[in-house]
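# Structural description and commentary
Listed here are the chains, written in short residue letters.
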Amino acid sequence: MTQDELKQAVARAAIDYVVDGEIIGVGTGSTANFFIDELAKIKDRIKGTVASSEATAARLRGHGIPVFDLNEVESIAVYIDGADEITDTGAMIKGGGAALTREKIVASVSKQFVCIADGSKLVRTLGAFPLPVEVIPMARAAVMRKLRELGGQPRLRTKAGSEDAFITDNGGEIIDVAGMEIADPTGVETQINGIVGVIAVGLFAQRGANVCLLGTADGVKTLAF
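What comes next concerns the included structure.

Rules behind the numbers
Residues numbered from 1 in each chain as written. Predicted model: local features only at pLDDT ≥ 70, side-chain atom pairs only at ≥ 80, totals over all residues. Heavy atoms only, no water. Axes fitted to C-alpha atoms, helices over the stretch in contact; angles between N-to-C directions. Helix = DSSP H or I, 4+ residues; strand = E, 2+ residues; numbered from the N terminus. Parallel < 35°, antiparallel > 145°, perpendicular 65-115°, else oblique. Left-handed = near helix turned anticlockwise from the far one by under 90°. Contact = heavy atoms within 4.5 Å. Nonpolar A, V, L, I, M, F, W, Y, C, P; charged D, E, K, R; others polar. 1 Å grid on protein atoms, 1.4 Å probe; cavity = no way out; pocket = protein on both sides within 12 Å on 5 of 7 lines; lining within 4 Å. Points joined across faces, edges and corners; volume = space filled by probe spheres on them. Salt bridge = Lys/Arg side-chain N within 4 Å of Asp/Glu carboxyl O. Buried < 20%, exposed > 50% of the residue type's maximum accessible area, 1.4 Å probe, protein only. Core = buried A, V, L, I, M, F, W, Y, C linked by side-chain atoms within 4.5 Å. Pairing = 2+ DSSP bridges.

## Notes on the packing of helix 2 (residues 30–39) against helix 3 (residues 54–62)
- Closest axis-to-axis distance for the helix 2/helix 3 pair is 10 Å, and the angle between their directions is 25°. On the basis of the axis angle, helix 2 is roughly parallel to helix 3. As helix 2 runs across helix 3, the sense of the crossing is right-handed. Contact residues: helix 2 offers Asn 33, Ile 36, Asp 37 and Leu 39, while helix 3 offers Thr 56, Arg 59 and Leu 60.
- Residues of the contact of helix 2 with helix 3, tallied by class, amount to three nonpolar, two polar and two charged.

Structure (structure tokens):
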């Protein structure tokens, strides 16, 4: 199976976790996009969605699926999103699509977090995928110095084909940190979140996944944490 076929398989499997008549949190990225396409087939069963990015909101609306501002809803039954890496304890690195802050916010208020990913995303230790950190632009250099002190190799994310900084939906910038072997995801998440100027770090350990639907050549495997 191709990687896209694996993503489609887990997207279809995630529909079983959609709660009828409730608000569904929807993530950002290629795997989440496959889920949105599947969700469109049952859109009349749900009250609506909360999107983790402007791109996701646009795709949802394009399918005729209602999108609510988080401030307009009291609860989210389930949040469904992909991951750049996930361990067998449910800790993740997210943020390759630059939506890590809003993803963290939506995940934090959701009753259940279902991660959907192809099998290549399951790792023993986080860190091979560069860790995204969203920062206030004026603090970029200061935060990068702190990240170097932690043993990372920080690099500013730029727009495709440009040297200009990539700007998030929140007006922040992204620093991608390579060279970190993250044996203690919760501790590192706390440490980086404590750096002044950091908006959010793409470590999802304090609020990790409850379930991971993992696409493999042998079918979709369910990991519960």
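Don't stop here, the text continues.
## Brief notes about the layout of surface pockets
- In this structure, the largest pocket spans a volume of roughly 260 Å³.
- Lining the largest pocket are 15 residues, with Ala 51, Phe 68, Asp 69, Leu 70 and Arg 102 sitting closest to its centre.
- Secondary structure elements with two or more residues in the lining of the largest pocket: strand 2 (48–51), helix 3 and helix 4 (100–108).
- Residues that form the lining of the largest pocket fall into these classes: eight nonpolar, three polar and four charged.
- Within this model, the second largest pocket holds a volume of roughly 200 Å³.
- Lining the second largest pocket are 16 residues, with Thr 28, Gly 29, Ser 30, Ala 83 and Asp 84 sitting closest to its centre.
- When the residues that make up the lining of the second largest pocket are grouped by side-chain class, the tally is two nonpolar, eight polar and six charged.

## Overview of the pattern of salt bridges
- The final tally for this structure, using the stated rule, is 10 salt bridges.
- Across the pair Lys 94 and Glu 103 runs a salt bridge whose closest N-O atoms are separated by 3.4 Å. Note on accessibility: Lys 94 and Glu 103 belong to one class, buried.
- One salt bridge connects Glu 189 with Lys 104, and the closest N-O pair in it is separated by 2.7 Å. Separated by 85 residues along the polypeptide, Glu 189 in helix 6 (residues 185–193) and Lys 104 in helix 4 bring together distant segments of the chain. There is no split in this pair, since Glu 189 and Lys 104 are both buried.
- Because the salt bridges share partners, they merge into one network encompassing Asp 81, Lys 94 and Glu 103.

## Considerations on the nonpolar core
- Of all hydrophobic cores here, the largest spans 26 residues; its most connected members are Val 18, Phe 35, Leu 39, Leu 60, Ile 80, Ile 116 and Leu 213.
- For this core, the secondary-structure elements that each account for two or more residues are helix 1 (3–14), strand 1 (23–26), helix 2, helix 3, strand 3 (78–81), strand 6 (113–118) and strand 12 (211–216).
- When residues no more than four places from it in sequence are discounted, the contact partners of Leu 213 are Val 10, Ala 13, Ala 14, Tyr 17, Val 114, Cys 115, Ile 116, Ala 117, Val 220, Lys 221 and Thr 222.
- Core analysis: the next-biggest nonpolar cluster, separate from the first, contains 21 residues, Leu 126, Leu 147, Val 201 and Leu 203 among them.

## Let's talk about the sheet that holds strand 9 (residues 173–178)
- Strand order in this open sheet of four strands is 8-9-7-10, and the pairing throughout is antiparallel. Each having just a single partner strand, strand 8 (153–156) and strand 10 (198–201) make up the two edges of the open sheet. The average undirected angle you get between the axes of adjacent strands in this sheet is 30°.
- In this structure, strand 7 (residues 131–135) lies alongside strand 10, joined through three bridges in antiparallel fashion. Counterpart to Glu 134 in the pairing with strand 10 is Ala 200.
- Against the sheet, helix 4 engages strand 7, strand 9 and strand 10, with an angle of about 70° to strand 10.
- Along the sheet face, helix 6 touches strand 7 and strand 10 and points at about 165° away from the line of strand 10.

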